[in-house]
Amino acid sequence: MACDATDPIPEIAVVIPTHNRETRLAFALDALAEQTMARDRFEVIVVRSAAQEGPFTAAPAGLDVRFLTTPGSSGPTDKRNLGWRSTRAPLIAFTDDDCRPQTDWLERLAEAADDETLLQGRTQPDPDEAHLLRGLARSQSVTGPNPWYPACNLAYPRKLLEAVGGLDEAYSFGGEDTDLALRVLSTGATARYIGDAVVDHCVVSRSLTDALRDAVAWPTFPLVLSKHPEQRQYLYLSVFRNEAHALLYLALAGVALRRRAPRFAFLAAMPYIHHHLRGALVDENRSVRMLARSVAHLAPRLLVDLVESAATLASGATHRVFVA
Amino acid sequence: MRIALLHPTYGFGLDASEAVVRSLAQRLAQANHHVTVISSGPDQLRQPSDRVDVIHAPRPPAWGTLRFYEDHLERAPGLVWSLLRSDFHVAHAFALADAWAVTASRRLALPPVAFSAPTLDRAWLVSRHYRLEMMKSVARRSACLVPDAEAADRFERYILRRPQVLAPSDPVDRWEEVYQGLTSG
């Protein structure tokens, strides 16, 4: 359904790219239907790709949702671009189909909005699912200003998106949200963290196969470092995607030197093992069972870290960036 | 028709769904169907006047990690084994884990499945690993039944398939229609 020039202009447009997560999308739309902001002040735009097959979820009763379709099988970048370009709202709020905004999310964003500020809200694991966040399960957590600007909870003034031409479609998957925010900030805009604008992110249960698939699913992340070298300061030791990767390489060095220096091999492995067990060691509800579960998860997590780091190195080589 | 009703317990009816199973079993038996309840609870209450057989499906103790997965999942192997040893025309499950176990084992030539689904609630759907995926899998491979139109709307919204509306108090012939539909195709 296209936006008619005679339609009233909402204050905020919520853009949700989606792909094969119709039930989660239904949860997100239900959460938007419960917003405290009056329905005539915002609109919701859901963007799918033409390659996606039904059945599709419908809008909840009383909430007008525009469902758009990108050609072929496109990624989130193309979908977000189509979404924000299809609205005339002065403020564009991005979230994901696996998120549920809290009821005052739009009110908090609207209060803080101005023409020169990109707004980053708080993201937390959904309280109804947080107990499942263990082992290989994953979620998202943004509890303060985050230099990577994940798009699960971001709002942009429309004029800033127009000034930079929206998301860069060179990014197939991974890094496009960071790149957009950095280009917007380079125009002189500012970023502001709004801790009261909260989005609950689902907890994704993952098998080892799922986790390995995810580990290679961010081929364009190093492109962010190629285009924005200043982001390297936010990498662990300016080289590694996270602390686990750095400690993994230390452990691998120990393995390589195990014959010459077996004691070093043991000591080199300890930081990596401690990194993955420390949650079970310091948790206020710690128990032998929790520790045993964490130990059992060590081998799968080692494999995932190895694959993720190797994939990062490989995609970094493609973009002539060293990141592990 | 030989009908298996699958419920984790079949004791003294403290569980509301257990009472539904008992009532349905008795009514089907009175309509001259051969009804067997397959349960795994410690109490097996079978009254001779019921004309309902009860089979105990073995159930190992649930170890700690399973509490993050679907309820009664540990009874799946015992349940499948009990069905393989018998010859039922149709199985009617009342717990998601039971329905999933039977539909996931369809290559073993198990009977078709009807599943009496609970009224779906988002918080319930997401509170266990893979519960949502299991529900979708069961919806694809079985006849899902809900008690009323509101439950059907919710089911369709979240699972994207329309279930059949069949209340526990509906006449036996409506249940027979569902079972006949499963056995014929």
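To be clear, the structure that these remarks concern was listed above.
Residues numbered from 1 in each chain as written. Chains lettered and ligands numbered in written order. Predicted model: local features only at pLDDT ≥ 70, side-chain atom pairs only at ≥ 80, totals over all residues. Heavy atoms only, no water.

Draft legend 1. Main features of the packing of aromatic side chains. In the structure shown here, the tally under the stated rule is five aromatic pairs over all chains. Ring centres 5.7 Å apart and planes at 35° place the aromatic pair Phe240(A) and Tyr249(A) in the tilted group. By relative accessible area, Tyr249(A) is classed as partly exposed at 29%. Ring centres of Tyr69(B) and Tyr130(B) lie 6.4 Å apart, and the angle between their planes is 25°; this geometry places the pair in the stacked category. Here Tyr130(B) lies in the loop between helix 4 (122–126) and helix 5 (131–141) and Tyr69(B) lies in the loop between strand 3 (52–56) and helix 2 (76–84), a separation of 61 residues in the sequence. Sitting over the face of the ring of Phe221(A), Arg241(A) holds its NZ or CZ atom 4.7 Å from the ring centroid. (Phe/Tyr/Trp six-rings, centres within 6.5 Å; stacked < 30°, edge-to-face > 60°. Buried < 20%, exposed > 50% of the residue type's maximum accessible area, 1.4 Å probe, protein only. Helix = DSSP H or I, 4+ residues; strand = E, 2+ residues; numbered from the N terminus. Lys NZ or Arg CZ within 6 Å of the ring centre and 35° of its normal.)

Draft legend 2. The arrangement of a nonpolar patch on the surface in detail. Residues and elements named next belong to chain A. Taken together, Leu208, Leu252, Leu302, Leu303 and Leu306 make up a surface patch of nonpolar side chains, about 340 Å² in accessible area. Looking at the nonpolar patch, the element that brings in the most residues is helix 11 (residues 298–318), giving three residues. One can find leucine 252 in helix 8 (residues 243–256). Using a relative accessible area of 35% as the deciding quantity, one classes leucine 252 as partly exposed. (Patch = residues over 30% accessible without salt bridge, like charges linked within 9 Å, V, L, I, M, F, W, Y side chains within 5 Å. Areas by Shrake-Rupley, 256 points an atom, 1.4 Å probe, with all protein chains shown as cover. Salt bridge = Lys/Arg side-chain N within 4 Å of Asp/Glu carboxyl O.)

Draft legend 3. Here's a closer look at the nonpolar core. Within the largest apolar cluster, 39 residues are counted, with the highest numbers of intra-cluster contacts made by Leu6(B), Ile38(B), Leu83(B), Phe115(B), Met135(B), Phe155(B) and Ile159(B). Apart from the residues lying within four places of it in its own chain, the contact partners of Met135(B) are Leu96(B), Phe115(B), Pro118(B), Leu120(B), Trp124(B), Leu125(B), Phe155(B) and Ile159(B). Val15(A), Tyr149(A), Tyr171(A) and Val323(A) belong to the second-largest nonpolar core, a separate cluster that totals 31 residues. (Core = buried A, V, L, I, M, F, W, Y, C linked by side-chain atoms within 4.5 Å. Contact = heavy atoms within 4.5 Å.)

So yeah, pure geometry; function would need other evidence.
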